[in-house]
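Observations on the three-dimensional arrangement
Residue-level listing of the chains:
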Amino acid sequence: MSLFSFARRKAPPKTAQTAKDRLQILLAHERSSSGAAEADYLPMLQRDIVAAIRKHVPIDDKDVEVRMDRGDNMSSLEINIELPAAAKGKAD
Amino acid sequence: MTTEAKTNPPLGRVIVITSGKGGVGKTTSSAAISAGLAKQGFRTVVIDFDVGLRNLDMTMGCERRVVFDFINVIQGDAKLKQALIKDKRVETLSILPTSQTRDKDALTKDGVEKVLNELKTEFDYIICDSPAGIEHGAQMAMYFADEAVVVTNPEVSSVRDSDRVLGLLSSQTKRAETDGAEAIKAQVLITRYDPDRVNTGEMMTVDDVLEILAVPLLGVVPESKAILKASNVGTPVTLDGPSAASQAYEDAVARLTGKQVEMRMDGERRPGFLQRLFGRAS
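A quick note: this is a predicted structure, and the numbers were derived from the prediction, not measured.

Moving on to the overall build of chain B. Counting its regular elements, chain B contains 14 helices and 8 strands. Taking 2.2 N^0.38 as the reference for a compact globule, 282 residues should give roughly 19 Å; the C-alpha atoms of chain B span a radius of gyration of 18 Å, in line with that estimate. Over its C-alpha atoms, taken along the principal directions, chain B stretches across nearly 60 × 40 × 40 Å. Long-range pairs, those at least 24 residues apart, make up 76% of the contacts in chain B between residues at least 6 apart in sequence. Charge separation in chain B, taken as the distance between the mean sites of 35 positive and 39 negative side-chain charges, equals 5 Å.

Residue and element names in this part refer to chain B. For the structure on display, the rule yields 3 aromatic pairs over all chains. On the numbers, 5.2 Å between centres and 80° between planes, the contact of Phe42 with Tyr125 is edge-to-face. Taken together, the residues Phe42 in the loop between α2 (26-39) and β2 (44-48) and Tyr125 in strand β5 (residues 125-129) connect sequence positions 83 residues apart. A relative accessible area of 8% places Phe42 in the buried class. A relative accessible area of 6% places Tyr125 in the buried class. Relative to Phe144, the ring of Tyr143 has its centre 4.9 Å away and its plane inclined at 85°; by these criteria the two rings are edge-to-face. When its relative accessible area of 11% is taken as the criterion, Phe144 is described as buried.

Let us look at helix α8 (residues 156-169) of chain B. Residues and elements named next belong to chain B. Between the first and last C-alpha of α8 there are 20 Å, a value that for 14 residues agrees with the 20 Å anticipated at 1.5 Å per step. Within α8, burial applies to Ser158, Val159, Ser162, Val165, Leu166, Leu168 and Leu169. Turning to α8, the residues buried within the fold contact β1 (13-18), α7 (136-143), β6 (147-152), α9 (174-177), β7 (185-193) and α11 (206-213).

Before going further, it helps to spend a moment on unusual backbone geometry. All names here are of chain B. Although it is not a glycine, Arg192 adopts a positive phi angle of roughly 60°. Its place among the elements puts Arg192 in strand β7. The backbone phi angle of Ala214 is positive, close to 55°, even though this residue is not glycine. Note on placement: Ala214 falls in the loop between α11 and β8 (217-222). Judged by its relative accessible area of 63%, Ala214 falls in the exposed class.

Another point: the state of the cysteines. All names here are of chain B. As enumerated under the stated definition, the model contains 0 disulfides over all chains in all. With no disulfide partner, Cys62 has as its closest neighbouring cysteine sulfur the one in Cys128, 16 Å distant. Owing to a relative accessible area of 2%, Cys62 belongs among the buried residues under this scheme. Residue classification places Cys128 among the buried positions, given a relative accessible area of 0%.

Looking now at the environment of B:Ile15. Residue and element names in this part refer to chain B. The residue Ile15 is located in strand β1 in this model. Expressed as a C-alpha distance, the spacing of Ile15 and Cys128, which sit 113 residues apart in the sequence, is 6.1 Å. Leave out the neighbours within four places in its chain, and Ile15 touches Tyr125, Ile126, Ile127, Cys128, Glu147, Val149 and Leu256.

Residues and elements named next belong to chain B. Position of Asp129 among the secondary structure elements: in strand β5. For the buried Asp129, which has no salt bridge, the nearest side chain bearing the opposite charge is Lys26, at an N-O separation of 6.5 Å. Separated by 3.1 Å, the side chains of Asp129 and Ser30 make a polar contact.

Attention now moves to the sheet that holds β5(B). All names here are of chain B. Spatially, the 8 strands line up as an open sheet ordered β3-β4-β2-β5-β1-β6-β7-β8, and their pairing is mixed. Of all the strands in the sheet, the pair left with one neighbour each is β3 (85-86) and β8. Two strands pair when backbone bridges link them, and β7 and β8 are joined in this way by 4 bridges, in the parallel orientation. The partner of Leu189 across the bridge, within β8, is Gly219. Along the sheet face, helix α13 (residues 244-256) touches β1, β5, β6, β7 and β8 and points at about 170° away from the line of β8.

Overall, the predicted model of chain B reaches an average pLDDT of 92, with 93% of residues at or above 70. Under the prediction, the complex receives an ipTM of 0.80, its pTM being 0.84.

Calculation criteria
Residues numbered from 1 in each chain as written. Chains lettered and ligands numbered in written order. Predicted model: local features only at pLDDT ≥ 70, side-chain atom pairs only at ≥ 80, totals over all residues. Heavy atoms only, no water. Helix = DSSP H or I, 4+ residues; strand = E, 2+ residues; numbered from the N terminus. Rg over C-alpha atoms; globule rule 2.2 N^0.38 Å. Contact = heavy atoms within 4.5 Å. Lys, Arg positive; Asp, Glu negative; His and termini not counted. Charge placed at Lys NZ, Arg CZ, Asp CG, Glu CD. Phe/Tyr/Trp six-rings, centres within 6.5 Å; stacked < 30°, edge-to-face > 60°. Buried < 20%, exposed > 50% of the residue type's maximum accessible area, 1.4 Å probe, protein only. Expected span 1.5 Å × (residues − 1). Disulfide = S-S within 2.5 Å. Salt bridge = Lys/Arg side-chain N within 4 Å of Asp/Glu carboxyl O. Polar contact = N/O pair within 3.5 Å; in protein donor to acceptor, adjacent residues only side chain to side chain. Pairing = 2+ DSSP bridges. Axes fitted to C-alpha atoms, helices over the stretch in contact; angles between N-to-C directions. pLDDT = per-residue confidence, 0-100.

The following block contains the structure:
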């Protein structure tokens, strides 16, 4: 574009590439069959986990925190369960 | 203000960002305004009402962290606390994403009211990002609002649709249906404003738009390259470096919180001759 732009071609961070990368990760996930079914399995999974823990420790639905981080190669599901005051602390 | 707001009881103010027409900047504005309010120290949550076409998560940059959504909460499959995504940049900001797989009928009036009432006990501002159109999803987004921001481009179809939406705000909402209730405070936010084209007479002026719509002006956001750049990387424009657009949104946010801020209508600064010749640093 400008007279000397060839000299500085390399540096600027390209946000368009970031946009494309983000879309590719997201859409790969949404197009897969698991993407569509996910909305249903996560609440069920959570219910099952809570039920399993309740067999041993009395916990409330509110004491469970589910976090998800999707990546292109790997996704992680983090489940935090806050135990009642008697057994203070958090179990992963 | 920052620390004050946190200790006070929550304001619990519900603001719908709506427009009728699609593509005028509702989600961009929802993201920018909610982040702007949160930056001021207000506890703010932004809700995506566009069931089936979730996009607020991408604009906010939290699309990889969505586990539960608004519809899960309405249907009792998850607690509200579990569905809220805490923003990693601003502590006082949360996002409530919508479902990508369900349809709009999952938004029931009772369900929406219950969720909003719960949010009101914890947040100062509850920003409802409406879907385009005037159907069920848009109606649910506006029904419980205390205030409305009608996003309008200075362009004929957008202004026409905004007029229609203003009509709905004053007739099809809880405040409209409740005897003795104060009407929804509706304000127009003009976006994609291009001062150069206004000067050459190619674009309607702010006054033209206001004369037609006859509602107060919340702000004027100039056409700006910063908007696409911010959406590319999933950052609300008010959290992404200084620009004419982010300044305009900051001003609008200040006005929402009751401050008097002078209206500026200058656009993005154009590179001068020398800058064009030698290229720009950014």
